[in-house]
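# Observations on chain architecture
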Amino acid sequence: VNTGRWLKNQWDRTVAVVATLVGGLAILLGWLGASDAKLTTEQLPYLASGAVFGLFALGVGATLWLSADLRDEWRKLDEINQGLRAERERSR
Amino acid sequence: VNASATRPWTPDHVVRFAVGNAVGLVLVAAGWWQMADLGVVRDQLTWFVVALAGLGVAGVTNGTWLLRGLRAVTAARAEMTDALASRRTAAAPVSTNGAGYVAAPATARYHRSGCALVAGRPVEAAGRARHEAAGRRPCEACRP
């Protein structure tokens, strides 16, 4: 399998995996940062950079992966529908 | 039904998806950036709400994107079901002479003998292994 070609064709799945990893890492770093901070005012920024950004990245990753699945399913169905339409035209 | 009319996402939708997520990211980053400079919890919470708003914008954008894809798949599935149902009324199973599955010549899929996609068409009957050796894959409709 040509990895470069696969990454190009499956760009959305590639970005989904990267976004999920980044999101997981952000949550982990946010947790580590918040646990080391003493004051609430020091902890709160970690909540934004870790938890909120992490959830944002995980959301983007999940969306791209699910939309890639939907795209693949739609393509298969469209291929079948095109065959059925062509056959209907032939039988007229 | 025109295939392009039911396409899940047009370039316009891709732009909206990108802009929605970019706006969300900017709000999250702005919230974090401002919070880091403030020393009072009350002031920080105001900017935390901005960051949460960014998460909300991205969530709505992504939800809309997925909903659109789901609608397109549902429409395509309904079109296929209607077309197959109208054929099934007139279709009789194709004889396979006990060979298992059938395929029309020069096509890329093999089917069950009763599949509406091959009803009334000239077909070759063979076992799964022979169809797959000929480069065919299973039909997505009848799933042989």
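### A look at the overall build of chain B
Secondary structure assignment for chain B yields 3 helices and 4 strands. Going from the N terminus to the C terminus, chain B shows its helices and strands as α-α-β-β-β-α-β. The buried share of chain B, taken over its 144 residues, is 33%. The contacts of chain B with a sequence gap of at least 6 include a subset with a gap of at least 24, amounting to 61%. Accessible area for chain B stands at about 8,200 Å²; split by element, carbon and sulfur atoms hold 62% of it.

### Notes on the packing of helix H2 (residues 11-36) of chain A against helix H3 (residues 40-91) of chain A
All names here are of chain A. Two numbers describe how H2 lies on H3: the axes approach to 7 Å, and their chain directions differ by 160°. It follows from the interaxial angle that H2 and H3 lie roughly antiparallel. You can see that H2 and H3 cross each other, and the crossing is left-handed. Taken together, the residues that form the contact of H2 with H3 break down as 17 nonpolar, 10 polar and 5 charged.

### Things to note about the interface of chain A and chain B
In this assembly, 33 residues from chain A lie in contact with 45 residues from chain B. Interface area lost by chain A to chain B is led by A:Phe56, A:Leu70 and A:Trp74, which between them contribute 21%. Between chain A and chain B we count 5 salt bridges in total. Across the pair A:Glu79 and B:Arg109 runs a salt bridge, and its minimum N-O distance is 2.7 Å. Inspection of the chain A/chain B interface yields 10 residue pairs in polar contact (both at pLDDT 80 or more). Across the side of chain A that touches chain B, the residue classes break down as 16 nonpolar, 8 polar and 9 charged.

### Notes on the packing of aromatic side chains
Residues and elements named next belong to chain B. According to the stated counting rule, one finds 5 aromatic pairs over all chains in the structure shown. On the numbers, 4.6 Å between centres and 10° between planes, the contact of Trp9 with Trp65 is stacked. Of this pair, Trp9 sits in the segment before helix H1 (11-37) while Trp65 sits in helix H2 (residues 41-88), and the two are 56 residues apart along the sequence. Accessibility assignment for this pair places Trp9 and Trp65 in one class, buried. Counting every residue linked through ring pairs, the aromatic cluster contains Trp9, Phe17 and Trp65.

Here is what the cut-offs are and how they apply
- Residues numbered from 1 in each chain as written.
- Chains lettered and ligands numbered in written order.
- Predicted model: local features only at pLDDT ≥ 70, side-chain atom pairs only at ≥ 80, totals over all residues.
- Heavy atoms only, no water.
- Helix = DSSP H or I, 4+ residues; strand = E, 2+ residues; numbered from the N terminus.
- Buried < 20%, exposed > 50% of the residue type's maximum accessible area, 1.4 Å probe, protein only.
- Contact = heavy atoms within 4.5 Å.
- Areas by Shrake-Rupley, 256 points an atom, 1.4 Å probe, with all protein chains shown as cover.
- Axes fitted to C-alpha atoms, helices over the stretch in contact; angles between N-to-C directions.
- Parallel < 35°, antiparallel > 145°, perpendicular 65-115°, else oblique.
- Left-handed = near helix turned anticlockwise from the far one by under 90°.
- Nonpolar A, V, L, I, M, F, W, Y, C, P; charged D, E, K, R; others polar.
- Buried area = accessible area lost by both parts, 1.4 Å probe.
- Salt bridge = Lys/Arg side-chain N within 4 Å of Asp/Glu carboxyl O.
- Polar contact = N/O pair within 3.5 Å; in protein donor to acceptor, adjacent residues only side chain to side chain.
- Phe/Tyr/Trp six-rings, centres within 6.5 Å; stacked < 30°, edge-to-face > 60°.

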